[in-house]
Amino acid sequence: MPSFDSGVTIRRATNRDAAQLVAIYAPYVEKTAITFEYSVPSVEEFAARIDEISAGYPYLVAEDASGAALGYAYAHAYYGRDAYAWCVELSIYLRQDARGNHLGTRLYGELERCLAAMGVINLYACVTSTDRKGDPYVTPASVLFHQALGFHEIGAFKNCGMKFGRWYDTVWLERDLSSHESGNLSAPIPFPQVAAGVGY
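Procedures and definitions
- Along each chain, residues carry numbers from 1 onward, in the same order as the chain's sequence is written.
- Predicted model: local features are reported for residues with pLDDT of at least 70 only, side-chain atom pairs are reported and counted for 80 or more only, and whole-chain, interface and lining totals are derived from all residues.
- Computation of side-chain values: all heavy atoms of the structure, hydrogens and water removed.
- Numbering of helices and strands starts at the N terminus; helices are DSSP runs of H or I of at least 4 residues and strands are runs of E of at least 2.
- What a helix should span is 1.5 Å times the count of its residues minus one.
- Bend, at a single residue, is the angle you get between axes fitted to the 7 residues ending at that residue and the 7 residues starting at it.
- Buried residues are those whose accessible area, probed at 1.4 Å on protein chains only, stays under 20% of the maximum for their type, while exposed residues exceed 50% and partly exposed ones sit between those limits.
- By definition in these notes, contact holds between two residues if any of their heavy atoms fall within 4.5 Å.
- Distance thresholds for patches are 9 Å for like charges and 5 Å for nonpolar side chains (Val, Leu, Ile, Met, Phe, Trp, Tyr), applied to residues having over 30% relative accessible area and no salt bridge.
- Values of accessible area rely on a 1.4 Å probe in the Shrake-Rupley scheme; residue burial ignores everything except the protein chains shown.
- Between Lys or Arg on one side and Asp or Glu on the other, a salt bridge is scored when a side-chain nitrogen of the former is within 4 Å of a carboxyl oxygen of the latter.
- Think of it this way: DSSP has to see at least two bridges between two strands before they count as a pair.
- Axis lines are fitted to C-alpha atoms, over the contacting stretch for helices. Their N-to-C directions set the angle, which ranges from 0 to 180 degrees.
- To pair, rings of Phe, Tyr and Trp, with the six-membered ring standing in for Trp, must have centres within 6.5 Å; the planes then decide the type, stacked if under 30 degrees apart, edge-to-face if over 60, and tilted in the middle.
- Here, over-ring charges are defined by two tests on the NZ atom of lysine or the CZ atom of arginine: distance to the ring centre within 6 Å, and angle to the ring normal within 35 degrees.
- Two cysteine sulfurs form what is called a disulfide whenever their separation falls within 2.5 Å.
- In protein, a polar contact requires one atom able to donate a hydrogen and another able to accept it; more generally it is a pair of N or O atoms within 3.5 Å, and residues adjacent in sequence count only if both atoms are side-chain atoms.
- The term nonpolar core refers to a set of buried residues drawn from Ala, Val, Leu, Ile, Met, Phe, Trp, Tyr and Cys, joined through side-chain atoms within 4.5 Å.

Engineer: What's the story with helix α1 (residues 18-31) in this structure? I'm lost.
Structural biologist: Residue pairs three or four apart in sequence face the same way in an α-helix, which turns once every 3.6 residues. The terminal C-alpha atoms of α1, which comprises 14 residues, lie 20 Å apart, in line with the 20 Å expected from a rise of 1.5 Å per residue. In α1, a bend of some 30° at Tyr-25 exceeds every other bend along the element, and Pro-27, a proline, comes one to four places later. Within α1, the full set of buried residues consists of Ala-18, Leu-21, Val-22, Ile-24, Tyr-25, Ala-26, Tyr-28 and Val-29. In the core, the buried residues of α1 are packed alongside α2 (43-54), β2 (59-63), β3 (69-77), β4 (87-94) and β6 (152-163).

The following block contains the structure:
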């Protein structure tokens, strides 16, 4: 369970974290188009999501010295077909007052370390975007964040999501964790089986 000089610790999330993580997620649902959900999920529903994702993939939470959650990030299956087993989609959400201090970079770094141990190769991020200048519900920050971490844009779905009476695009970004020519064709190992080996 890594800790950092700032007193921040990153650990595996459990369903007991659901209330804190819903509180982090709620402003993104209610005030932005970063997520296409319209309604904030209940704590019970969110706890079930944590359990479902954690059964196969890393779901990490960053907390301060008092144990308060500052943000979370997770990976989940990109698509439910066997040939996509080496691919994951990533998601990250930070508490509003915890942004801008490299916490997102730390969370993604730990997430990628966990995924590499599993044998995952392809990382994808699906980010809301718009061509409108000064849109009140979406900024370029997420695209720029991923690009700074080495992700590159591979495509876009135009006008695919409606929220707040506006159409939004989604941009897909990709980064490879390792070479596709490594010769290892074994499917990735579920995260619970490798968690201890990477400190979780």
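After that view of the structure, there is still more to cover.
Engineer: Got a minute to help me understand a nonpolar patch on the surface in this structure?
Structural biologist: A surface patch of nonpolar side chains, about 350 Å² in accessible area, is lined by Tyr-38, Met-162 and Trp-167. According to the relative accessible area criterion, Tyr-38 is exposed, its value standing at 57%.

Engineer: I tried to follow unusual backbone geometry on my own but got confused; where do I start?
Structural biologist: Excluding glycine, a negative phi dihedral is what most residues carry, and trans is how most peptide bonds are arranged. You will see that Asn-159, though not glycine, has its phi angle at about 50°, which is positive. Although it is not a glycine, Phe-164 adopts a positive phi angle of roughly 55°. Secondary-structure assignment places Phe-164 in the loop between β6 and β7 (166-176). The exposure class assigned to Phe-164 is partly exposed, which follows from its relative accessible area of 35%.

Engineer: What is the right way to read the sheet that holds β4 from this model?
Structural biologist: The pairing of strands in a sheet happens through backbone hydrogen bonds and is either parallel or antiparallel. Strand order across the open sheet formed by seven strands is β1-β2-β3-β4-β5-β7-β6, with mixed pairing between neighbours. Strands with a single pairing partner mark the edges of an open sheet, and in this sheet they are β1 (9-12) and β6. The sheet shows a mean angle of 25° between the axes of neighbouring strands, direction not considered. The strands touched by helix α3 (residues 103-118) within the sheet are β1, β2, β3, β4, β5 (122-129) and β7, with β4 carrying the most contacts at an inclination of about 155°.

Engineer: Where do I start with the packing of aromatic side chains in this structure?
Structural biologist: When we look at a pair of aromatic rings, we describe it by the centre distance and by the angle of the planes. Across all of its chains, the model carries 17 aromatic pairs by this definition. Summarising the aromatic geometry, the rings of Tyr-72 and Tyr-93 are spaced 5.6 Å apart at their centres and angled 35° between planes, so their arrangement reads as tilted. In this pair, Tyr-72 sits in strand β3 while Tyr-93 sits in strand β4, placing the two residues 21 residues apart along the sequence. When its relative accessible area of 1% is taken as the criterion, Tyr-72 is described as buried. When its relative accessible area of 10% is taken as the criterion, Tyr-93 is described as buried. Measuring from centroid to centroid gives 6.4 Å for Tyr-78 and Tyr-79, while their planes differ by 50°, and the two rings are tilted. By way of ring pairs, the aromatic residues Tyr-25, Tyr-28, Phe-46, Tyr-59, Tyr-72, Tyr-74 and Tyr-93 are connected into one cluster. Sitting over the face of the ring of Tyr-168, Arg-132 holds its NZ or CZ atom 4.8 Å from the ring centroid.

Engineer: I'm lost on the state of the cysteines in this one. Help?
Structural biologist: By definition, a disulfide links the sulfur atoms of two cysteines through a covalent bond. For the coordinates displayed, the defined rule picks out zero disulfides. Just so you know, Cys-87 is unpaired, no disulfide at all, and the nearest cysteine sulfur is the one on Cys-126, 14 Å from it.

Engineer: Would you mind showing me how to read the side chain of Thr-35 here?
Structural biologist: Its location among the elements puts Thr-35 in the loop between α1 and α2. Judged by its relative accessible area of 7%, Thr-35 falls in the buried class. A distance of 3.2 Å separates a polar side-chain atom of Thr-35 from the backbone nitrogen of Glu-37. In this structure, Thr-35 is in contact with Tyr-25, Tyr-28, Val-29, Tyr-93 and Lys-163, ignoring residues within four places of it in sequence.

Engineer: Where do I start with the nonpolar core in this structure?
Structural biologist: Nonpolar side chains in soluble globular proteins tend to end up buried together. Core analysis: the biggest nonpolar cluster contains 50 residues, and Leu-21, Phe-46, Tyr-59, Tyr-72, Leu-90, Leu-107 and Leu-115 have the highest contact counts within it. Apart from residues lying up to four places away in sequence, Leu-21 is in contact with Ala-13, Phe-46, Ile-50, Tyr-59, Val-61, Ala-69 and Tyr-72.

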